[in-house]
Amino acid sequence: MELSESVQKGFQMLADPGSFDSNAFTLLLRAAFQSLLDAQADEAVLDHPDLKHIDPVVLKHCHAAAATYILEAGKHRADKSTLSTYLEDCKFDRERIELFCTEYQNNKNSLEILLGSIGRSLPHIMDVSWRLEYQIKTNQLHRMYRPAYLVTLSVQNTDSPSYPEISFSCSMEQLQDLVGKLKDASKSLERATQL
């Protein structure tokens, strides 16, 4: 698991007993899990009276760091030894490591369901259809006289059995720009596969 420097710093602040006593650590950890797993959760979870003595900027930074680490651990299906190793590297004491691992194990199934519902891959374009539309007037009865293209992309998502469509309207210049960018991407992909 690779975490950004900002996340690592936030996590190290969370490990410091001088910044977060045992009760504040427990509350913040539970708030991080709650904000990830409960769609109805709001920022009020950080308004607990036992967290009032902590600078709000530090509190939010540590909350974001904890949530990021929880998501990364869930994404990699981390076990207790992996969690413990990283937490020890961040200078967590034994009690906090045990608390974190217990909380993680209690919420692991819900976390995996949440991550599984997000999806694993981007949709694939299966077909493209288009039609030329000529706009003569607007809703306000102003004369326009300009062509527009209505483009519909049929996409397939490997995580979902349905085949949704993505539709958009664009001018001739915008369509030419899109085609040019797609050609550039295709050439880049060709060059990359030839190396």
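What comes next concerns the included structure. Since the model is a prediction, treat every value here as computed from it, not as a measurement.

Membership of the largest hydrophobic core comes to 37 residues, with the highest contact counts inside it found for Phe11, Leu14, Phe20, Phe92 and Phe100. Broken down by secondary-structure element, the contributors of at least two residues to this core are helix H1 (5–15), helix H2 (22–37), helix H3 (56–75), helix H4 (80–89) and helix H5 (94–118). Among the nonpolar cores identified, the runner-up in size contains five residues, and Tyr149, Leu153, Val155 and Cys170 belong to it.

On to the side chain of Thr152. Considering the arrangement of structural elements, one finds Thr152 in strand S2 (residues 143–156). Given a relative accessible area of 17%, Thr152 falls into the buried group. Separated by 3.4 Å, the side chains of Thr152 and Ser167 make a polar contact. With near-sequence residues (within four places) excluded, Thr152 lies in contact with Asp127, Val128, Ser129, Glu165, Ile166 and Ser167.

The next thing to look at is the sheet that holds S2. Taken together, three strands build an open sheet; the order of strands is S1-S2-S3 and the sheet is antiparallel. Both outer strands of the open sheet, strand S1 (124–137) and strand S3 (165–170), are each paired with one neighbouring strand and no more. Strand-to-strand, the axes of this sheet are offset by a mean angle of 20 degrees, without reference to chain direction.

What follows covers H3. Residues three or four positions apart in an α-helix share a direction because the helix packs 3.6 residues into each turn. Taking 1.5 Å per residue, 20 residues should reach 28 Å; H3 reaches 28 Å between its end C-alpha atoms and fits that length. Of all the positions in H3, only Leu59, Cys62, His63, Ala65, Ala66, Ala67, Tyr69, Ile70, Glu72, Ala73 and Gly74 are classed as buried. Of the surrounding elements, those touching the buried residues of H3 are H1, H2, H4 and H5. Phi for Arg77, located one or two positions after H3, is positive at around 50 degrees.

What counts, and where the lines are drawn
Residues numbered from 1 in each chain as written. Predicted model: local features only at pLDDT ≥ 70, side-chain atom pairs only at ≥ 80, totals over all residues. Heavy atoms only, no water. Core = buried A, V, L, I, M, F, W, Y, C linked by side-chain atoms within 4.5 Å. Buried < 20%, exposed > 50% of the residue type's maximum accessible area, 1.4 Å probe, protein only. Helix = DSSP H or I, 4+ residues; strand = E, 2+ residues; numbered from the N terminus. Polar contact = N/O pair within 3.5 Å; in protein donor to acceptor, adjacent residues only side chain to side chain. Contact = heavy atoms within 4.5 Å. Pairing = 2+ DSSP bridges. Axes fitted to C-alpha atoms, helices over the stretch in contact; angles between N-to-C directions. Expected span 1.5 Å × (residues − 1).

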